[in-house]
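# Residue-level structural notes
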Amino acid sequence: MASSIQRLYIPHQTSASFLNPKLPITKGSLNSRKLKFSNFLLSSHLPPTTVAAEKHLPVYDLRNMPKKGMRSLCFSPRTSSFSLSRQSMSPSRTSLSGATPRRRFSESMIEQTIDAAAAIIRKWDAETSAYARVTSLFYESKREAMQFIRSVNELQKSMHLLVSEDSSSEKLIHAQTLMQIAMKRLQKEFYQILSMNRAHLDPESLSTRSSRTSARSSTSDYDDDGSLDDEIRAAGDSISEVEEVSSMAMSDLKLIADCMIATGYAKECISIYKIIRKSIIDEGIYKLGVEKMSSSQVNKMDWDVLDLKIKNWLEAMKISMRKLFIGERILCDYVFASSDSIRESCFTDISKEGATLLFGFPELVAKTKKSPPEKIFRVLDIYTAISENWQEIETIFSFESTSAVRLQALNSLVRLSESVRSLLMDFESSIQKDSSKAIIPGGGLHQLTIYLMNYLTLLADYSSILTDIISDWPPPAKSSTPESFFDSPESEESPLPAISIRISWLILVLFCKLDGKAKHYKDASLSYLFLANNLQHVITRVRTSNLQYILGEEWVAKHEAKVRQFAANYERLAWGHVLASLPENPTAPVTPGQAKEYFRKFNSSFEEAYWKQSSCVVPNSKLRDEIKVSVGRKLVTIYREFYDTHKSTVGDERSARLFVRFSPDDIGNYLSDLFFGTVSSGSSSASSSTSSRHRRHMRSPLRG
């Protein structure tokens, strides 16, 4: 009993040497301690109003209270507790001889309260009633459960009065015995509700509860006129059956928690809550595949194994933030709404370990070494998952006692950003160190170009995250790459974002490497075609990905002009000698002998150029058509003029067949068959069926 008296009157942070909760309570021991307790109240340096305020109790002057107001004061369900006023605690008023009628009335009301409480509390005493042992109070009768809670609250108020007026009363001993029985019952009910409703109180169900259900039920929600049943029926019309059961269970838990906290049994209540709810969170984390690992364990994993664990973590992160932890926070905040400190303590003890484990895994991934280049995309996935949920992290784990969880998440972000920077530097280094001298047949795409653009295209999908990561990263040093190859991607008038500079720089590094590889071609025209093909591939990937927003239209236009320049150089070197075989003025008069010589030179130079260029590859259809049109417009147009003017000059039909081997249409057909290549590299295109028909039908003149 002394333990409960202490709980009722002494704040959690205050200890009273005159109360020992471990000593058995008897009438003798109570009498021996009453003077100490009275002296504590009366000799306190704080005025009685301050003592009452410390206990969060309203101040009433019992002696000046009219008799007709005593019942509403003692037994109103909206009156939380009692305290003595300054006057009632004054030494001049310690004698009760002048208030005997009032005291008798008060004692009578207290007796009625205790008797009423005893009836329902004894009924549900599991130690004396077999019915109470196998039956749940809250499941059997919600109305009787509410009556039980009200009786406990009224009993508590009566105990306050007994201690303040006559602490030696045997009624106080009896009331305390009843209180202990009631608390055991409520502990059992609290445990049963938590255990039997694991499915309905799972974090997923709680996280999807509508706001209207979270405001349901408190003690004042249920009146004796049957409003409880009406409440349940109304809820059934507006929420699903699962939500209804969840809401009812939460309401019952809150009622019990409020009652046990108010009567000083908070420790017993939260102990049960923490054990059951923590098991649910731990089980959820385990089922999501999040496990405790050391840095050495992660470093020893094959990349395929680690990659799978990262995928599992990403899914676990999504479920944890949207369902697991938010659901637990909702339940904690609702059940223990009456005490900020208790709900913080409960949520922290339940979720801290699992959350720290969840947010600790990314840091381990960031520290791994000897990972493949594609690791950067998994690191960015993890960084994105944390950063996109950062507001939820700060909201769910907002308590000071959960600051370690927020700190762990922040540390993981820092480590992940460092890993991204390191991986970007490693990627650039791998491009710089590429020393292959293999010549790509037909001037097609180099594997280095394909690899880098695949890499950059995927990186561009993380542009917003990359912007955060490399915003304060110093720009790359340009000393190792000739700036004359391309214009600088940045100008003093309009400096580009850090991510644009970094991407531009990686492309510049690539083309400096390709420029060196182009020099290995013995045919200069092929080296220009090689550069045109690879730069065109870069531009195409930029235009069809988020790279276009990172690099900008100006960058694309500038490099498209560079492609045209490379293509023009190719045309000049590959087809210039064919054009040179014809006179500058194709319609100028010539002798039959000169006409025959011009036709002979043209036939020879065109055959040579055609067979040499027939193995060339232009994978991009747009660039392929542009080159064909450009060559055809120059070559076919001039040849047609010469052909129409001088075909008859060479002599009779027999001489014409001998010296004039190609008509203008033949030249156009042969040109249309070019740049599909006999071999392909990277993503080089194969010839179309139309092109194949051209080759089969039109090559016979060249073989004759």
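Here's a quick rundown of the structure. (Residues numbered from 1 in each chain as written. Predicted model: local features only at pLDDT ≥ 70, side-chain atom pairs only at ≥ 80, totals over all residues. Heavy atoms only, no water.)

Right, let's talk about the packing of helix H14 (residues 266-287) against helix H16 (residues 303-335) for a bit. The N-to-C vectors of H14 and H16 enclose an angle of 175°; their axes lie 11 Å apart at closest approach. Considered as vectors, H14 and H16 are oriented roughly antiparallel to each other. For the pair H14 and H16, contact is made by Tyr273, Arg277, Ile281, Gly284 and Ile285 and by Ser320, Leu324, Phe325, Glu328, Leu331 and Cys332, respectively. (Axes fitted to C-alpha atoms, helices over the stretch in contact; angles between N-to-C directions. Helix = DSSP H or I, 4+ residues; strand = E, 2+ residues; numbered from the N terminus. Parallel < 35°, antiparallel > 145°, perpendicular 65-115°, else oblique. Contact = heavy atoms within 4.5 Å.)

This part takes up the nonpolar core. Within the largest apolar cluster, 175 residues are counted, with the highest numbers of intra-cluster contacts made by Phe190, Phe336, Trp575 and Phe606. In terms of residue count, H16 provides more of this core than any other element does, 14 residues in total. (Core = buried A, V, L, I, M, F, W, Y, C linked by side-chain atoms within 4.5 Å. Buried < 20%, exposed > 50% of the residue type's maximum accessible area, 1.4 Å probe, protein only.)

A turn of α-helix holds 3.6 residues, and therefore any two residues three or four places apart point the same way. Between its first and last C-alpha, helix H24 (residues 524-543) extends 29 Å over 20 residues, near the 28 Å set by a 1.5 Å rise per residue. Counted residue by residue, H24 has 15 buried out of 20 residues, so it is predominantly covered. (Expected span 1.5 Å × (residues − 1).)

With that settled, consider the pattern of salt bridges. Inspection of every chain in the model, using the stated rule, returns 34 salt bridges. Among the salt bridges present, the one from Asp307 reaches Arg378, with a minimum N-O distance of 2.6 Å. One end of the pair, Asp307, is in helix H16; the other, Arg378, is in helix H18 (residues 375-388), with 71 residues separating them in the sequence. Across the pair, Arg378 and Asp307 agree in class, each one buried. (Salt bridge = Lys/Arg side-chain N within 4 Å of Asp/Glu carboxyl O.)

Taking 1.5 Å per residue as the helical rise, H16 with its 33 residues ought to reach 48 Å, and the 45 Å between its terminal C-alpha atoms agrees with that figure. Along its length, H16 shows its largest kink, about 55°, at Ser320. (Bend = angle between axes of the 7 residues up to and from the residue.)

Turning to the packing of aromatic side chains, a few remarks are in order. Within a pair of aromatic rings, the relevant descriptors are the distance that separates the centres and the angle that separates the planes. Per the counting criterion, the structure on display carries 29 aromatic pairs. A centroid spacing of 6.4 Å and a plane angle of 85° characterise the contact between Phe359 and Phe397, whose relative ring orientation is edge-to-face. Of this pair, Phe359 sits in helix H17 (residues 340-366) while Phe397 sits in the loop between helix H19 (390-396) and helix H20 (403-432), placing them 38 residues apart in sequence. Look at Phe397 and you get buried, because its relative accessible area is 0%. A ring pair is formed by Tyr570 and Phe675, whose centres lie 5.9 Å apart and whose planes are at 70°; its orientation type is edge-to-face. With a gap of 105 residues between them, Tyr570 in helix H25 (residues 547-580) and Phe675 in the loop between helix H29 (664-672) and helix H30 (689-698) connect regions that are remote in the sequence. Comparing Tyr570 with Phe675, the two get one shared label, buried. Taken together, the aromatic side chains of Trp575, Tyr598, Phe599, Phe602, Phe606, Tyr610, Trp611, Tyr639, Phe642, Tyr643, Phe662 and Tyr670 make up a single cluster linked through ring pairs. (Phe/Tyr/Trp six-rings, centres within 6.5 Å; stacked < 30°, edge-to-face > 60°.)

A separate point is the state of the cysteines. Counting across every chain of the model gives 0 disulfides. With no disulfide of its own, Cys259 lies 9.8 Å from the sulfur of Cys269, the closest cysteine sulfur. According to the relative accessible area criterion, Cys259 is buried, its value standing at 2%. With no disulfide of its own, Cys269 has Cys346 as its nearest cysteine by sulfur position, at a separation of 7.4 Å. (Disulfide = S-S within 2.5 Å.)

Note that all results are geometric; they support no functional claim without further evidence.
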